[in-house]
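# Remarks on the overall topology
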Amino acid sequence: MRKCKKDMEFCHRVVDTNKQAKKFLLTSKRSWCVLLLVLCFNAGFLSGCAVTGAEKNLTTTGFAFDTTYTITLYEGGNKEILDSCIQKCGEYERVFSRTLEGSELYQVNEIEKVYGDVLKSLGQEIGNDFSKKEIEILTEKINRKKSEKNTLTYQIEKDGRMEIMVSDMLRDIIKKGLAYCRASDGSFDITIEPLTSIWNFKAEEPVIPDQKIVEEAVSLVDYRKVSLEGNLLSFLQPGMGLDLGGIAKGFIADNLKSYLMENEVSGASINLGGNVLCLGGKSETDGFRIGIQQPFADRNETVAAVEVRDLSVVSSGIYERYVVSEDGVMYHHILDPDTGYSYDNNLLGVTILSEKSVDGDGLSTACFSMGKEKGLQYINSLEGVYALFITKDEKLWYSDGMKDFLLDSQK
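The paragraphs below set out a description of the structure included in this document. Note that the coordinates shown come from a computational prediction; the quantities given were computed from them, not determined experimentally.

So, how was this worked out
- Residues numbered from 1 in each chain as written.
- Predicted model: local features only at pLDDT ≥ 70, side-chain atom pairs only at ≥ 80, totals over all residues.
- Heavy atoms only, no water.
- Buried < 20%, exposed > 50% of the residue type's maximum accessible area, 1.4 Å probe, protein only.
- Helix = DSSP H or I, 4+ residues; strand = E, 2+ residues; numbered from the N terminus.
- Polar contact = N/O pair within 3.5 Å; in protein donor to acceptor, adjacent residues only side chain to side chain.
- Contact = heavy atoms within 4.5 Å.
- Pairing = 2+ DSSP bridges.
- Axes fitted to C-alpha atoms, helices over the stretch in contact; angles between N-to-C directions.

### Points about unusual backbone geometry
With a phi close to 55°, Asp185 is a non-glycine residue in the positive phi region. Under the relative-accessibility criterion, Asp185 is labelled exposed at 68%. The backbone of Glu264 shows a phi angle near 65°, a positive value even though the residue is not glycine. By the secondary structure assignment, Glu264 is in the loop between helix 8 (248-262) and strand 10 (267-272). Using a relative accessible area of 69% as the deciding quantity, one classes Glu264 as exposed.

### Let's talk about the side chain of Asn275
Position of Asn275 among the secondary structure elements: in strand 11 (residues 275-279). Here the side chain of Asn275 touches Asp361 through a polar contact of 3.1 Å, side chain to side chain. In contact with Asn275, other than residues within four places in its own chain, are Lys249, Gly250, Ile270, Val313, Val314, Ser357 and Asp361.

### Let's talk about the sheet that holds strand 9 (residues 232-235)
Here we have 4 strands laid out as an open sheet, ordered 6-7-9-8, and antiparallel in their pairing. Whereas interior strands pair on both sides, the edge strands pair on one side only; in this sheet they are strand 6 (154-156) and strand 8 (226-229). Recorded for the sheet is a direction-independent mean angle of 20° between the axes of neighbouring strands. Pairing of strand 6 with strand 7 (residues 162-165) involves 3 bridges; the strand directions are antiparallel. Across the sheet, residue Tyr154 finds its bridge partner in strand 7, namely Ile164. Strand contacts of helix 3 (residues 104-122): strand 6, strand 7 and strand 9, with the helix running at about 165° to strand 7, the strand carrying the most contacts.

Printed below as a string of structure tokens:
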């Protein structure tokens, strides 16, 4: 496999693993790769939220969406615009975050779980003809059990479904997520929240959940049981939940790009913890060069490097969120909705180039779920989307047109 050590404006970084994982990766047949895009700015990452640089090259960095984000303006813009970007990142987090208590999505998942518990305690199921009195009892019990901070508006329909009123922003991203669910035939599924909530890969000492718990969670995962009519969201099976982590950062990056364009910014880079979206180029003549990390190598070793303008570069792969079992099996965060366990499809990672970051976000996860053959076939059926797949034997596989973006030294 070719390696490139050129000085990139951007590079992928491999997160260090603990000694047990390193030993496992050297000995196990289930070796995995880390693919994590991280911008390497001259100024470096700063703690907290800050704005630095001259008026022409302004950089802001902060923490949201469980990751560090960095936004740099190369052509146009000013400090006030970057300050607005910081504010917007906070607003997006308060809508899309699955783990931030009080976010809109957190409230949706909470109230739906409460409803599932209430129905179960009463021995009732949706689909029946609920009387007005039964609906009143259900509503009273839900209001007593839900958090006082839960401000969502909802109503119980005659068939027992809970309809939740969601904001336009949450509606739009759910609609986009469902489209990718259908495109991947459920390999990518935004209703995977019951599984991601029991596989806590971010814990200091992650544990492998009991098989029975996994099976119970799997029974609540099925995007086909989600109904979205306008701003009214409902689930055909009580107790389900949504996890938008597979597309949220891409959706946010696209919104930030639109805001920058509205304010006459013509050159900028947006990095949301690995989702890199480029607006224009670094200058009128130079694009942005982005390196794709060599698995488990130093951060300046890359397997490929691309130069792009007005494109997004997003990768999905096996990285720091994992747990190793006592018998040496590694479980990672890309979960199969059908089994409740990690995908094992001979892939280390997938990188997607696309105009919209939300497309790259959704497609990188969906194509990883599909596997190399189906994933490449699907990408080749799309216009303006390109992909690179890395298999466990460390071979690179390109979709049609992907090599056109490689730096000359990589072709």
